[in-house]
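The residues making up each chain are set out below.
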There are 2 protein chains.
Amino acid sequence: MTAVLGTIKKLVNEPADVAIELVAAFADAHPDIVQRVAERVLVRTEQPAAKVGIVTGGGSGHEPAFLGYVGAGCADAVAVGNIFAAPSPDAIFASIEHADRGRGVLLVYGNYSGDVMNCRLAVRKAAAAGIEVRQLFVTDDLASAPVDESDRRRGIAGDVMIFKVAGAAAEAGGSLDEVEAVARTANACTRTIGVALSSAELPGAAAPIFTTARDEMEVGLGVHGEPGISTQKLGTAGEVGTLLAQRLLADLVCPPGSTVALLVNGLGATPLLEQYLVHQAVLRQLAASGISVHRSMVGEYVTSLQMAGLSVTLTLLEGQLRELLDAPIRTVAWCR
Amino acid sequence: MTAVLGTIKKLVNEPADVAIELVAAFADAHPDIVQRVAERVLVRTEQPAAKVGIVTGGGSGHEPAFLGYVGAGCADAVAVGNIFAAPSPDAIFASIEHADRGRGVLLVYGNYSGDVMNCRLAVRKAAAAGIEVRQLFVTDDLASAPVDESDRRRGIAGDVMIFKVAGAAAEAGGSLDEVEAVARTANACTRTIGVALSSAELPGAAAPIFTTARDEMEVGLGVHGEPGISTQKLGTAGEVGTLLAQRLLADLVCPPGSTVALLVNGLGATPLLEQYLVHQAVLRQLAASGISVHRSMVGEYVTSLQMAGLSVTLTLLEGQLRELLDAPIRTVAWCR
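Nothing here was measured: the structure is a model prediction, and the numbers come from that model.

Engineer: Give me the overall build of chain A: which residues, what numbers.
Structural biologist: Regarding its fold elements, chain A presents eight helices and 14 strands. For 336 residues, the compact-globule estimate of 2.2 N^0.38 gives 20 Å, and chain A sits close to it at 19 Å. Taking all 336 residues of chain A together, 64% fall into the buried category. Counting only contacts in chain A whose residues sit at least 6 apart along the sequence, the fraction spanning at least 24 positions is 72%. Total accessible area computed for chain A in this model is approximately 11,100 Å², and 51% of it derives from carbon and sulfur atoms. Positive and negative side-chain charges of chain A, numbering 26 and 36 respectively, have mean locations separated by a distance of 2 Å.

In structure tokens form, the structure reads like this:
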């Protein structure tokens, strides 16, 4: 039996190996959806015809992101880093090579310095190999930088909206220009903000990443424990939903009569029951602003290990976004 | 802002109202899949043609069970009780009435005394109204009674396998006799056992249901905190997966060469990452016994609020079970 490390009990083997073990375990669990082509790279089992390739990736510890979004109508390949760490340039390059079908590749990653750096190195290598790659770094986290510096914002749960839109556009036969353009529109139309009630604790670590007072919550905290924008008294589900909706609508211009997609995303330890109560309050606030919801998703889409809390994402459904979000998708994490 | 109750922070409103709020919030989030027909009753939005009706239900706090399993290819209606409490006979009767299409109704509930009692009262009322109802109480929890008293066993995560099989058989046009028979086969072929690492804490409660030592886990504990069969030192993912697989295979006879469906079910707070590491160890143990896995599911299917831990379910795929598990399903919790 293993020594107990840290303050939260965990079911792991060797802490240093969790990412590699995860990739193998995920592939062995879902052979009809994904196949492992390298230690840290998964690709679609049903290989698509000639189309624009979509690749994503990121650190592990955010499951079902990112490997849960590989499959028909979404990503073609994923590279997986260690817990909360960017994948290596080599793994990213391998994912690009596997996704390439001769029509170019769109890379969609969250906007983190480590991911950006390693993606750029991989893209340089891909260019040398004759593969055209465009890069989109998702910036939905409105709490991570002011609106006039939105290119500095990080990517959190809103990532999955961009994966879905890009994947559907590629599956429909769009050119690299078209797929990139609509994915950029999706990113520009997507905002996320959340509350954290407790911290994640890494496998093998002795303590959580941060602590919060017994009656407080952190607003706008990042999925790796990056500082938020305020510490507040813990609210009711109704208060939290209202607060988050107001913050979203102050940042993303949604005129009365507009339509959005809404994602309430659990961060790991918060029961689905509580996520639905918050969803209800968000829905009320949107209705009060004359905004209708075309589709709601509630559950764990991008987590932070066993962090308690949740985030709310809005995507304003401009142009083709609605039909692309409605298109078929068959991945482990998202299926319709 | 709300007073903080208990040792775990929660996002709720009035603790006494969580179940009713949940049902309304769930219906408002997924109007394309479910509709609310009473305060605690949801039905399918796309009403099916004449077919055997499938109804389920149970306490709340197990989300996505049970309301997440209403939809095409699964349950037609669900009745929702308070946290960890059986639905009322009136709610169950209303779910039966809505699911009735003139070909009879199969009621599938976990085997708990409160649920059994209230189901029987509802079925009596349905009989008086001229609706033929059969009752199946799921008994997959092998830790809850010895094998020779298996009709005393409780229903836990294996519930969802029975919902799926019954729903697919009804959707395919089976008679009430046929649907009941194959659902009973599914129950006879399904076993579950889990480990709990920490306890759930009810909304409004001052303390968790139980406590565990810092370096220990409870084997076979029920989803409402019912006592397990042993307290053991916390194991690695590999050790826990091996232990649970061995327990399952000692209870469910799976000859070499047989095929199973495998569900690793998170109880609420355990990261998906850890669930996959345990899944991998179960898979190895099954392979060593000459058993192949037709389909794996990993994630939160039947939870216990924010309990940490997971369970493993095996369904031996006899007769029609394989094709019924493969049939289309479109519910909030399970879609393929």
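On we go from here.
Engineer: I'd like a rundown of the environment of Q306 of chain A, residues and numbers included.
Structural biologist: Here Q306 of chain A is to be found in the loop between β12 (292-299) and β13 (309-316). Overall, Q306 of chain A belongs to the buried group, its relative accessible area being 6%. Considering only alpha carbons, one finds Q306 of chain A and L267 of chain A, 39 residues apart in sequence, at a separation of 7.1 Å. When sequence neighbours within four positions are dropped, the list of residues in contact with Q306 of chain A reads I8, K10, S198, S199, A200, E201, G268 and A269 of chain A together with A269, P271 and E274 of chain B.

Engineer: For the relation of the copies chain B and chain A, give the residues involved together with the corresponding values.
Structural biologist: When chain B is fitted onto chain A, the two copies agree to an RMSD of 0.0 Å after a turn of 180 degrees and an axial shift of 0.0 Å. Read as a symmetry element, the transformation amounts to a two-fold axis. Among all C-alpha atoms of chain B, that of A269 of chain B lies closest to the rotation axis, at 2.0 Å. The residues that chain B uses at the interface reappear at the interface of chain A in 100% of cases, marking a shared surface.

Engineer: Could you give an account of the interface of chain B and chain A, with specific residues and numbers?
Structural biologist: Between chain B and chain A, the residue contacts involve 60 residues of the former and 60 residues of the latter. Interface of chain B and chain A: buried area, both sides summed, is about 5,200 Å²; carbon and sulfur atoms make up 64% of it. Taken together, chain B and chain A are joined by 22 residue pairs in polar contact (both at pLDDT 80 or more). At the level of elements, α1 (18-29), α6 (237-251), α7 (272-288) and β12 (292-299) of chain B are the ones that each hand at least two residues to the side of chain B that touches chain A.

Engineer: Outline the packing of aromatic side chains, supporting the account with residue identities and numerical values.
Structural biologist: Residue and element names in this part refer to chain A. What the rule picks out here adds up to eight aromatic pairs over all chains. When the ring of F66 is compared with that of F163, the centres are 6.2 Å apart and the planes differ by 65 degrees; the resulting orientation is edge-to-face. Here F66, found in the loop between β3 (53-60) and β4 (71-72), pairs with F163, found in helix α4 (residues 159-171); they are 97 residues apart in sequence, far enough to count as distant. Overall, F163 belongs to the buried group, its relative accessible area being 1%.

Engineer: Lay out the pairing of strand β11 (residues 259-266) of chain A in plain terms, naming residues and giving numbers.
Structural biologist: All names here are of chain A. Burial analysis of β11 places eight of its eight residues in the buried class, which makes it a mostly covered element. The side-chain alternation of β11 yields two buried faces, one formed by T259, A261, L263 and N265 and the other by V260, L262, V264 and G266. When β11 meets β12, the two strands line up parallel, connected through seven bridges. Looking at the pairing, L262 lines up with S296 of β12. In this region the chain leaves β11, passes through helix α7 (residues 272-288) and returns to the parallel neighbour β12; the handedness of that crossover is right-handed. Two strands pair when backbone bridges link them, and β11 and β13 are joined in this way by seven bridges, in the antiparallel orientation. By the bridge assignment, V264 is partnered in β13 with V312.

Engineer: Lay out the nonpolar core with the relevant residues and their values.
Structural biologist: Core analysis: the largest hydrophobic core is formed by 204 residues, its most contacted members being L106 and V195 of chain A together with L106, V195 and V312 of chain B. If we ignore the near neighbours within four places in the chain, the residues touching L106 of chain A are V52, G53, I54, V55, R134, L136, A166, L176, V179, E180 and A183 of chain A.

Engineer: So what's going on with the sheet that holds β12 of chain A? Residues and values would help.
Structural biologist: Residues and elements named next belong to chain A. Here six strands make up an open sheet; going across it, the order is β10-β9-β8-β13-β11-β12 and the pairing mixed. Two strands bound the open sheet, and with one partner strand each, they are β10 (230-233) and β12. Strand-to-strand twist across the sheet, computed as the mean angle between neighbouring axes with direction ignored, equals 20 degrees. α4 rests against β8 (190-196), β11 and β13 of the sheet, and its axis sits at about 125 degrees to β11.

Engineer: Can you break down the pattern of salt bridges residue by residue, with the values?
Structural biologist: Between side chains of opposite charge, a pair can form as their charged atoms come close. Under the criterion given, the structure shown has 34 salt bridges over all chains. For D215 of chain A, the salt bridge identified is with K233 of chain A, shortest N-O distance 2.7 Å. Highlighted residues: D215 of chain A in the loop between β8 and β9 (216-219) and K233 of chain A in strand β10, separated in sequence by 18 residues. With relative accessibility at 27%, the residue D215 of chain A sits in the partly exposed group. Notably, a salt bridge pairs D141 of chain B with R154 of chain B, separated by 3.6 Å at the nearest N-O pair. In this pair, D141 of chain B is assigned in the loop between β7 (133-138) and α4 (159-171) and R154 of chain B in the loop between β7 and α4, connecting sequence segments 13 residues apart. Residues D141 of chain B and R154 of chain B agree in their burial class; the two are buried. If you follow the salt bridges from partner to partner, you end up with E132, R134, D177, E180 and R184 of chain A in one network.

Engineer: Explain the side chain of N187 of chain A to me, and be specific about the residues and the numbers.
Structural biologist: Residue and element names in this part refer to chain A. The topology assignment puts N187 in helix α5 (residues 176-188). N187 gets classed as buried once you look at its relative accessible area, which sits at 12%. Non-local contacts of N187, meaning those with residues more than four positions away in its chain, are made with L136, F137, V138, T139, D140 and I162.

Engineer: Quick one: what's the story with the environment of E39 of chain A, residue by residue and with numbers?
Structural biologist: All names here are of chain A. As for its placement among the helices and strands, E39 is situated in the loop between β1 (34-38) and β2 (41-44). With a relative accessible area of 48%, E39 lands in the partly exposed category. Considering only alpha carbons, one finds E39 and A79, 40 residues apart in sequence, at a separation of 9.3 Å. Non-local contacts of E39, meaning those with residues more than four positions away in its chain, are made with I20 and V23.

Engineer: Describe in detail α7 of chain B, supporting the description with residues and values.
Structural biologist: Residues and elements named next belong to chain B. Helix length check: α7, at 17 residues, gives a terminal C-alpha distance of 24 Å against a target of 24 Å (1.5 Å per residue), a fit within 8%. Judged by how many residues are buried, α7 sits mostly within the fold: 14 of 17 residues are covered. Directly after α7, the chain includes G290, whose backbone phi takes a positive value near 75 degrees.

Procedures and definitions
Residues numbered from 1 in each chain as written. Chains lettered and ligands numbered in written order. Predicted model: local features only at pLDDT ≥ 70, side-chain atom pairs only at ≥ 80, totals over all residues. Heavy atoms only, no water. Helix = DSSP H or I, 4+ residues; strand = E, 2+ residues; numbered from the N terminus. Rg over C-alpha atoms; globule rule 2.2 N^0.38 Å. Buried < 20%, exposed > 50% of the residue type's maximum accessible area, 1.4 Å probe, protein only. Contact = heavy atoms within 4.5 Å. Areas by Shrake-Rupley, 256 points an atom, 1.4 Å probe, with all protein chains shown as cover. Lys, Arg positive; Asp, Glu negative; His and termini not counted. Charge placed at Lys NZ, Arg CZ, Asp CG, Glu CD. Least-squares fit on C-alpha atoms with pLDDT ≥ 70 in both. Buried area = accessible area lost by both parts, 1.4 Å probe. Polar contact = N/O pair within 3.5 Å; in protein donor to acceptor, adjacent residues only side chain to side chain. Phe/Tyr/Trp six-rings, centres within 6.5 Å; stacked < 30°, edge-to-face > 60°. Pairing = 2+ DSSP bridges. Right-handed = clockwise from strand over helix to strand, strands pointing away. Core = buried A, V, L, I, M, F, W, Y, C linked by side-chain atoms within 4.5 Å. Axes fitted to C-alpha atoms, helices over the stretch in contact; angles between N-to-C directions. Salt bridge = Lys/Arg side-chain N within 4 Å of Asp/Glu carboxyl O. Expected span 1.5 Å × (residues − 1).

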